[in-house]
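The lines below spell out each chain.
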Amino acid sequence: MTKNKKLTEWITKMARMCQPDDIVWIDGSNKQKEELEREALASGELIQLNQEKLPGCFLHRTAIDDVARTEHLTFICTKKKHDAGPNNNWMSPRAAYNKAKAIFKGAMRGRTMYVIPFSMGPVGSSFSKIGVELTDSRYVVLNMLVMARVGEAVLRQLEKEDGFTKCLHSKAELDINKRLILHFPEDNTIWSVGSGYGGNVLLGKKCLSLRIASFIGRKEHWMAEHMLIMGIEEPNGHIEYIAAAFPSACGKTNLAMLIPPEGLKTKGYRIWTVGDDIAWMRIDTDGSLWAINPETGFFGVAPGTNSNTNPNMVETIRKNTIYTNVLLKPDKTVWWEGADGEAPESGIDWQGRPWKPGALDKDGSLIKAAHANSRFTAPIVNCPTASFRLEQHHGVPISAIIFGGRRTHLTPLIYEAFNWQHGVFVGATMASELTAAQVGKLGQVRRDPMAMLPFCGYNMASYFQFWLEMGKKMAKQPKIFCVNWFNTDESGKFLWPGFGENLRVLEWVLDRCNNRVGAVKTAIGYTPYANDIDMTGLGLPAGILEKLLNIDKTKWLEEVKGIKKFFEQFKKDLPKELWQEYEALSMRLKS
Ligand code: OXD
Ligand code: MN
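Numbering of residues starts from 1 in each chain and follows the order in which that chain's sequence is written. Each chain is given a letter, starting from A, and each ligand a number, starting from 1, according to the order in which they appear as written. Per-residue local features of the predicted model are confined to residues with pLDDT of at least 70, and side-chain atom pairs are confined, for both listing and counting, to 80 or more; whole-chain, interface and lining totals are unaffected and use all residues. Excluded from the side-chain calculations are hydrogens and water; all other atoms, namely the structure's heavy atoms, are used.

Observations concerning the packing of aromatic side chains
We call Phe, Tyr and Trp rings a pair once their centres come within 6.5 Å, taking the six-membered ring for Trp, and we label the pair stacked below 30 degrees between planes, edge-to-face above 60, and tilted otherwise. Tallied over the entire structure, the rule returns 26 aromatic pairs. A centroid spacing of 3.8 Å and a plane angle of 5° characterise the contact between Y97 and F184, whose relative ring orientation is stacked. Remark: F184 occurs in strand β10 (residues 180-184) and Y97 occurs in helix α4 (residues 93-104); sequence separation between them is 87 residues. We call a residue buried when its accessible area falls under 20% of the maximum for its residue type, exposed when it is over 50%, and partly exposed in between, using a 1.4 Å probe and counting protein chains only. A residue is classified by how much of its surface remains accessible, and F184, at 0% relative accessible area, is buried. Ring geometry for F246 versus W485: centroids 6.4 Å apart, planes at 90°, classification edge-to-face. With F246 in the loop between β14 (239-245) and α9 (252-256) and W485 in the loop between β29 (479-483) and α14 (503-513), the pair connects residues that are 239 residues apart, well separated along the chain. Overall, the relative accessible area of 2% leaves F246 in the buried class. For W485, a relative accessible area of 8% gives the class buried. Here a helix means four or more residues in a row that DSSP labels H or I, a strand means two or more in a row labelled E, and each is numbered from the N terminus.

Below is the structure:
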């Protein structure tokens, strides 16, 4: 299978520990994929959907306590605790390996161990990194085939280069008390056990492409970020690319493939989707920042996805898609809260139980048809707006970086950082309300710097320092912005319509990048003159845009208290530049 001795030795060692009945190499062929699908149907891991209406689509259900990333069971295992930082759970490598070994031991008995060689990024690009995932889950294999470049070509590349991330996964007993998601950045190793939920087990995604990659990227001077990448093409064919970091389930996917709103249609914009979740960025020979999306698929949140919120995704998930934890309709199609059409009269809910709209549980709460964090796994190439540059080894040049979160008050619709250093401060102080993508209390505000809090593989103080250093290395820095689509009025109603209308805000971003418009200098950054945002055809009531752009200094003075508290946890490690920015902001707010 491979001449790479390190790889064969590692597989032998892992197999000795996990004791699978056999070992199967994943070659990336359609024939093998179809065979695995047949086996997964026979074992009940997959349910075949209506092949006329949803060709190549399947449904999978996870265990009911295994439906989201379990951040409290996710660890960064560096020799020194300090290197993981206050932002991560930490275990010493020795303790972590020992604890996990006890669970992995014999865990694959009676099962097959699949060997998945995968490349994050186009095979052979200098951006790309290779991983090999060993897993006893066919669901994982079938998802990885969508999310990454998998198979023979990767093995051949691995004969030319030495290093690969060693990824080991076993469902084991799917027992939450024996679940661990362990990262060993110093060993380029990931061990995940006891879970079957995508974010915990598709090890090329969050584990490799963010936690391990951020650690490696710092050493190699490139950035691994929780960002979408999209291109906005003007009628003259000129395309500008932006990268945007929002916490999980805050609309990265919808933004990355938006459809221009009616009022802006005459301007002839065209959107190109490069990625919806992860960006790897490096400084190219022209001194500017270039980015690739290392993935080949979307692992998106189903609830709320419909023809109004994201028509391109509705199109994308019509074929070759794996649905997880959604409702199964009697005609073997699927449904979720916020899907197109009425709720079906009956169906099988995400837990496999008969379901009817309006059904209540024993506490009197509505029983959900689909889990709030139910997902679809679909190939990017299905997307009508998929970029034609997905396979280009250099990626795309980034003009702007946008940070954002879900805040019902405080943060205006958009503002621009004064410069790179201030932009790093803006990213570092991002906060958002918790969503269903994490286990935790919905709605609670948490600081989520650069949307990387759950994904930064090392001490976040060093990560901020790294951002500052990267800025200094660039001949041309992207401009940095902050957006908030989620401001509400007194009755809790969103003030901004969002979705496709967000292009109006991105248009201002590009105008600023190209020095086409001025801006108001406020205490927190530059905000737009209201008439520089094209509102044609939107019909927003008078005064709302002004309200959305308003900065309430009293609320911001409260916010800086939270920022101080957040910064203090990094003690003397926090870069002094961020304290300078903190002081400067406080002064501006008081003046
Ligand atoms: C995701 C997440 O799945 O951020 O992308 O949780
Ligand atoms: Mn994400």
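Side note on the coordination of the manganese ion (ligand 2)
Six octahedral donors around a metal ideally make angles of 90 or 180 degrees; four tetrahedral donors ideally make 109.5 degrees. Counted as donors are the N, O and S atoms within 2.8 Å of the metal, or 3.2 Å for Na, K and Ca, while water is not among the atoms, so some sites may look incomplete. The manganese ion (ligand 2) binds to the protein through K206 (NZ), H226 (NE2) and D277 (OD), with metal-donor distances spanning 2.1 to 2.2 Å. The sequence motif formed by the donor residues of the manganese ion (ligand 2) is K-x19-H-x50-D. Of this pair, K206 sits in helix α8 (residues 204-220) while H226 sits in the loop between β12 (222-225) and β13 (228-233); the two residues are 20 residues apart in sequence, bridging distant segments of the chain. Judged by relative accessible area, which is 5%, K206 ranks as buried.

Points about the packing of helix α16 (residues 553-568) against helix α17 (residues 576-590)
Axes here refer to lines fitted to C-alpha atoms; in helices the fit is confined to the stretch in contact. Angles between the N-to-C directions go from 0 to 180 degrees. At their nearest, the axes of α16 and α17 sit 10 Å apart, and the two run at 160° to each other. Comparing the axis directions of α16 and α17 gives the class roughly antiparallel. Every pair of crossing elements has a handedness; the one defined by α16 and α17 is left-handed. On α17, the residues that touch K553, W556, L557, V560, I563, K564, F567 and E568 of α16 are L578, W579, Y582, L585, S586, R588, L589 and K590. Our angle categories are set so that under 35 degrees counts as roughly parallel, over 145 as roughly antiparallel, 65 to 115 as roughly perpendicular, and the remainder as oblique. For any helix crossing, the convention is left-handed if the near helix is rotated counterclockwise from the far helix by under a right angle, and right-handed if that rotation is clockwise. In what follows, residue pairs with any heavy atoms lying within 4.5 Å of each other are defined as contacts.

Structural notes on the pairing of strand β9 (residues 165-170)
Burial runs high along β9: five of the six residues are buried. By the convention used here, strands pair only if DSSP detects at least 2 bridges between them. Two strands pair when backbone bridges link them, and strand β7 (residues 129-135) and β9 are joined in this way by five bridges, in the parallel orientation. Considered in β9, the bridge of T135 is made with H169. Pairing analysis gives five bridges linking β9 to strand β11 (residues 189-193), with the strands arranged parallel. Paired with L168 across the two strands is W191, which belongs to β11.

Thoughts on the domain arrangement of the protein chain
Frequently, the measure chosen for interface size is the accessible area that the parts lose on association. Structurally, the protein chain comprises domain 1 (5-46 + 69-220), domain 2 (225-296 + 390-590) and domain 3 (298-381). Each of two parts loses accessible area, computed with a 1.4 Å probe, when they are put together; buried area is these two losses added. Taken together, both faces of the contact between domain 1 and domain 2 bury some 3,200 Å²; the carbon and sulfur share is 54%. A pair is scored as a salt bridge if a Lys or Arg side-chain nitrogen falls within 4 Å of a carboxyl oxygen belonging to Asp or Glu. Taken together, domain 1 and domain 2 are joined by five salt bridges. In this structure, D277 and K206 form a salt bridge, with 2.8 Å as the shortest nitrogen-oxygen distance. Here a polar contact is taken to be a pair of N or O atoms separated by no more than 3.5 Å, where protein atoms must pair a possible hydrogen donor with a possible acceptor and residues adjacent in sequence count only if both atoms sit in side chains. The tally of links from domain 1 across to domain 2 stands at 24 residue pairs in polar contact (both at pLDDT 80 or more). Every element with two or more residues in the side of domain 1 that touches domain 2 is listed here: α3 (81-84), β6 (112-120), α5 (138-147) and α8. Of all the elements, α8 adds the most residues to the side of domain 1 that touches domain 2, at eleven residues. In terms of residue class, the side of domain 1 that touches domain 2 is made up of 15 nonpolar, 14 polar and nine charged. Here the bounds of each domain stem from an automatic or database domain assignment. Side-chain classes follow a simple rule in which Ala, Val, Leu, Ile, Met, Phe, Trp, Tyr, Cys and Pro form the nonpolar group, Asp, Glu, Lys and Arg form the charged group, and the remainder, Gly included, forms the polar group.

Notes on unusual backbone geometry
Positive phi, normally seen in glycine, also occurs at N515, with a value near 50°. Relative to the helices and strands, N515 is located in the loop between α14 and β30 (520-521). Given the relative accessible area of 68%, N515 is considered exposed. Located in the positive-phi region is K571, a residue other than glycine, with phi close to 50°. Within the element layout of this structure, K571 appears in the loop between α16 and α17.

Topic: the side chain of T309
Relative to the assigned elements, T309 resides in the loop between β18 (297-301) and α11 (311-316). Apart from residues no more than four positions distant in its own chain, T309 is found in contact with N254, G304 and F499.

Brief notes about the site of ligand 1
Any residue with at least one heavy atom within 4 Å of a molecule or strand is counted as near it. Taken together, nine residues sit near ligand 1, with R69, K206, S248, D277 and R375 positioned nearest. Within the side chain of D277, a nitrogen or oxygen atom sits 3.1 Å from an oxygen atom of ligand 1. In the environment of ligand 1, an oxygen atom lies 2.8 Å from a nitrogen or oxygen atom belonging to the side chain of R375. For accessible areas, the Shrake-Rupley method is used with a probe of radius 1.4 Å. Any residue's cover is judged against the shown protein chains and nothing else. Protein contacts shield 94% of the accessible area of ligand 1, which totals 210 Å² for the unbound molecule.

Some thoughts on the pattern of salt bridges
Using the criterion set out here, one finds 37 salt bridges in the structure. In this structure, the salt-bridge partner of R111 is D136, at a minimum N-O distance of 2.8 Å. Of this pair, R111 sits in the loop between α4 and β6 while D136 sits in the loop between β7 and α5, and the two are 25 residues apart along the sequence. On the basis of relative accessibility, which here comes to 25%, the residue R111 falls in the partly exposed class. Between K205 and E295 there is a salt bridge, and its shortest N-O distance comes to 3.0 Å. Within this pair, whereas K205 is found in helix α8, its partner E295 is found in the loop between β17 (289-292) and β18, the two being separated by 90 residues in sequence. According to the relative accessible area criterion, K205 is buried, its value standing at 4%. Among the ionic contacts, a cluster of salt bridges with common partners joins K205, K206, K252, D277 and E295.

So, the environment of R61
Relative to the assigned elements, R61 resides in the loop between β3 (58-60) and β4 (74-76). Judged by its relative accessible area of 27%, R61 falls in the partly exposed class. Put simply, R61 and V326 are 265 residues apart on the chain and 8.0 Å apart in space, counted from C-alpha to C-alpha. If we ignore the near neighbours within four places in the chain, the residues touching R61 are I47, N325, L328, I348, D349, W350, Q351 and G352.

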